[in-house]
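Commentary on secondary and tertiary structure
Single-letter residue listing:
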Amino acid sequence: MTRIFETPLYPYERSADQDSKKPVRHPVIVVGAGPIGLAAAIDLAQQDIPVVVLDDNDKVSFGSRAICFAKRPLEILDRLGCGEVMVDKGVTWNNGKVFFGDRKVYEFNLLPEDGHKNPAFINLQQYHFEKFLVDRVRELEAQGKPIELRGNNRVTAVDARDDHVSLTIETPDGPYRLESDWLIACDGAGSPVRGMLGLDFVGRVFEDNFLIADVMMEADFPTERWFWFDPPFNPGQSALLHKQPDGVWRIDLQLGWDIDKDKEKQPENVIPRLKAMLGPETEFELEWVSIYTFQCRRMEKFRHGRVLFAGDSAHQVSPFGARGANSGLQDTDNLVWKLKLVMAGLAPESLLDTYDVERIHGADENILNSSRSTDFITPKSEMSRILRDAVLDLSEHYAFARPLVNSGRLSVPCTYDASPLNGPDCAAMPARTRPGSPAPDAPLGEASNEWLLGKLGNGFQILAIDIDVPASVCTGGICASRLQLSAKENPALRERYLGEAQGAVYLMRPDQHVAARWDYWNEEALRQAMEIASCRRPS
């Protein structure tokens, strides 16, 4: 059987650029056709910004790799036109269980609140995820959108200059050169672009290794996240089990630090470990095996002139918590609308500096949570282990101890509390929708099956709830259109957006984060907030 990751989806084709006598200049080039690079390119193309994606491969990733995709990235993918197909294919889950030894010590629900279109998480192998993104690229090409995906185009040299970036690309037909006004590097943790520019990570590498195994089997385990501390089948270590589509299960087993990685990946060593976990009678087939080391690191800056880094090329975290691909999708969501305004001459380049400010804040938040998870999962001293085990014992019977259990703080969207783009706030409104926060979804009527986030587009928007406002407001060439709603018969909208206020006016950013909010209408105040949110006026 031929599997997705064995099939070239974007095979090499000679481009007209290779026959040009001088390097062709493109507005934006994205390096890397993984989830983050493809998402960035789709976002750009949907907004009619020409983009070329260069990838050294011609097919999707081998192995499941990133599998857990959280609610906020699914909302971003809805806006990119491919969220629903991923949710339909993926395994939906909201619940998880934590075990200590052979005892369940507690369980949790990551989305206890009703009234959201998307689940807390889906599990979906990265190769499926990338396939759906490639399919979306093909749809955009068929619609005449300015996007091109070039396989077997390996970037071998990058020269970053004040007004453009020069690249050398190796292909089966030999090398050629390109220029780009802007370069977005999404080429993974080992980022060749980062290395060519002499840049590196700062942060921690933890002394531990984990075995990842994708196992094809029929099993009766529920669709939940199961995590074990000190399980009988892996004494003194930890383990994780996730269900994926197509009868594939993801198993993570802690191995310790001083191991022979090549030896541990051999089937004769992997299979006995899996039989100890699953039972000797369970039949399964290995699909993919890898070993990873915990790393919590990032670049000091994500913007280097006209080169912008996103995803694993900019930051790395340990896999527990599903913060890698999820945070990378939030990187591109933050970056593309800012780049669009700068390229259109509607905002100064200083707006791109806020990409650094906001997404470094997001990376640091992820690194902090991931580091704490790692320290709890792999205690570094005997006293730390005694404390951890006491917390696990207490959590079985006492609710106060459960928030202390850390089997990986699962990905949540970042709130940019200290962002220079934030405008006025209204204390009477809920904290969850304060400036800098991502807009929570809400149903807009049971019969219509419409959702709030589906009404928010790619531009600035005025969300007016029980307050009348004009159809649009413009300043400096940037316009915000109105979305007029009522919360009188919508308790979810009232609870999430009004709080104690009788009405609300929100200025929404193009990435669906709140820029400012008021409990009254003032057109001049809204214009000022739009200028702050586009760096046309200091906050």
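So, here is what we can say about the structure in this document. Model, not experiment: these values are computed from the prediction. (Residues numbered from 1 in each chain as written. Predicted model: local features only at pLDDT ≥ 70, side-chain atom pairs only at ≥ 80, totals over all residues. Heavy atoms only, no water.)

**Notes on the sheet that holds strand β24 (residues 514–518)**
With mixed pairing, the five strands of this open sheet are ordered in space as β21-β22-β20-β23-β24. Each edge of the open sheet is held by one strand with a lone partner, namely β21 (472–475) and β24. Adjacent strand axes in the sheet meet at a mean angle of 20 degrees when their direction is disregarded. In terms of strand pairing, strand β20 (residues 461–465) meets strand β22 (residues 478–485) through five bridges, oriented parallel. Of the residues in β22, the one forming a bridge with Ala464 is Gln484. Against the sheet, helix α12 (residues 491–498) engages β20, β22 and β23 (504–508), with an angle of about 70 degrees to β23. (Pairing = 2+ DSSP bridges. Helix = DSSP H or I, 4+ residues; strand = E, 2+ residues; numbered from the N terminus. Axes fitted to C-alpha atoms, helices over the stretch in contact; angles between N-to-C directions. Contact = heavy atoms within 4.5 Å.)

**Digging into the packing of aromatic side chains**
The relation between two aromatic rings is expressed through the spacing of the ring centres and the mutual angle of the planes. As enumerated under the stated definition, the model contains 16 aromatic pairs in all. For the ring pair Phe69 and Phe129, a centre distance of 4.1 Å and an interplane angle of 10 degrees mean the geometry is stacked. With a gap of 60 residues between them, Phe69 in strand β3 (residues 68–70) and Phe129 in helix α4 (residues 126–142) connect regions that are remote in the sequence. For Phe69, a relative accessible area of 0% corresponds to the buried category. A relative accessible area of 0% means that Phe129 is categorised as buried. Seen from their ring centres, Trp93 and Phe121 are 4.9 Å apart, and the 15 degrees between their planes marks the pair as stacked. Pair noted here: Trp93 is in strand β4 (residues 91–93) and Phe121 is in strand β7 (residues 121–123), with a separation of 28 residues, a long-range link. Taking the relative accessible area as the measure of exposure, Phe121 reaches 2% and is therefore buried. Taken together, Phe99, Phe221, Trp226, Trp228, Phe233 and Trp249 form an aromatic cluster joined through their ring pairs. The ring of Phe201 has Arg194 lying over it, and the distance from NZ or CZ to the ring centre is 3.9 Å. (Phe/Tyr/Trp six-rings, centres within 6.5 Å; stacked < 30°, edge-to-face > 60°. Buried < 20%, exposed > 50% of the residue type's maximum accessible area, 1.4 Å probe, protein only. Lys NZ or Arg CZ within 6 Å of the ring centre and 35° of its normal.)

**Quick notes on the pattern of salt bridges**
Here the structure, examined in full by the defined rule, presents 46 salt bridges. For Arg103, the salt bridge is made with Asp393, and the minimal N-O distance between the two is 2.8 Å. Here Asp393 lies in helix α10 (residues 382–395) and Arg103 lies in strand β6 (residues 103–109), a separation of 290 residues in the sequence. For Arg103, a relative accessible area of 29% puts it in the partly exposed group. Residue Asp393 is classed as partly exposed on the basis of its relative accessible area of 36%. (Salt bridge = Lys/Arg side-chain N within 4 Å of Asp/Glu carboxyl O.)

**Regarding the sheet that holds β7**
The strand order across the open sheet built from three strands is β3-β7-β4, with neighbouring strands paired in antiparallel fashion. What marks the edges here is a single partner per strand, and that holds for β3 and β4. With strand direction ignored, the average angle separating the axes of adjacent strands in the sheet is 30 degrees. Where β3 meets β7, three bridges bridge the pair, whose relative direction is antiparallel. Across the sheet, Ala70 pairs through a bridge with Phe121, a residue of β7.

**Examining the pairing of β22**
Strand direction decides the pairing type here: β21 and β22, joined by four bridges, are antiparallel. Within β22, the residue paired with Cys474 across the bridge is Cys479. Hairpin remark: β21 followed by β22, antiparallel, with two residues in the connecting loop; positive phi at Gly476, about 60 degrees.

**Brief notes about the packing of helix α8 (residues 324–343) against helix α9 (residues 350–377)**
Viewed as axis vectors pointing N to C, α8 and α9 meet at an angle of 170 degrees, and their least axial separation amounts to 9 Å. The pairing of α8 with α9 is recorded here as roughly antiparallel in orientation. Across from Ser327, Gln330, Asp331, Asn334, Leu335, Trp337, Lys338, Leu339, Leu341 and Val342 in α8, the residues of α9 making contact are Leu351, Leu352, Thr354, Tyr355, Glu358, Arg359 and Asn366. Here the contact of α8 with α9 is built from residues that sort into eight nonpolar, five polar and four charged. (Parallel < 35°, antiparallel > 145°, perpendicular 65-115°, else oblique. Nonpolar A, V, L, I, M, F, W, Y, C, P; charged D, E, K, R; others polar.)

**Considering the state of the cysteines**
Applying the stated criterion across every chain, the model contains one disulfide. No disulfide involves Cys186; its sulfur sits 15 Å from the nearest other cysteine sulfur, which is in Cys82. (Disulfide = S-S within 2.5 Å.)

**What to know about the nonpolar core**
Counting 94 residues, the largest nonpolar core has Val28, Leu44, Leu77, Met86, Leu183 and Leu507 as the members making the most contacts within it. Here this core takes eight residues from α8, the largest share from any one element. Apart from the residues within four sequence positions on either side, Leu507 is in contact with Phe460, Gln461, Ala480, His513, Val514, Ala515, Ala516, Trp518, Leu526, Ala529 and Met530. Core analysis: the second largest hydrophobic core is formed by 30 residues, Cys68, Phe100, Phe121 and Phe227 among them. (Core = buried A, V, L, I, M, F, W, Y, C linked by side-chain atoms within 4.5 Å.)

**Topic: the side chain of Asn490**
Its place among the elements puts Asn490 in the loop between β22 and α12. A polar contact is formed between the side chain of Asn490 and the backbone oxygen of Pro443, at a distance of 2.7 Å. (Polar contact = N/O pair within 3.5 Å; in protein donor to acceptor, adjacent residues only side chain to side chain.)

**Some points on unusual backbone geometry**
For Asp246, which is not glycine, the phi dihedral falls at a positive 65 degrees. With respect to the secondary-structure elements, Asp246 resides in the loop between β14 (238–243) and β15 (248–256).

**A look at the environment of Gln512**
Note on placement: Gln512 falls in the loop between β23 and β24. Sequence separation of Gln512 and Ser481 is 31 residues, and the distance between their C-alpha atoms is 13 Å. Sequence-distant contacts of Gln512, defined by excluding residues within four places in its chain, comprise Arg72, Arg79, Ser437, Pro438, Ala439, Leu453, Leu456 and Gly457. A polar side-chain atom of Gln512 sits 3.2 Å from a polar atom in the side chain of Arg72. Only 3.3 Å separates the side chain of Gln512 from the backbone oxygen of Leu453, close enough to count as a polar contact.

**Things to note about helix α13 (residues 523–533)**
Turning to α13, its buried residues number three or more, namely Ala525, Leu526, Ala529, Met530, Glu531, Ile532 and Ala533. Between a side-chain oxygen at the N-terminus of α13 and the backbone nitrogen of Glu524 the separation is 3.1 Å; the capping residue is Asn522. Positive backbone phi, at 65 degrees, marks Cys535, one or two positions downstream of α13.

Just geometry here; none of it tells us what the structure is for.
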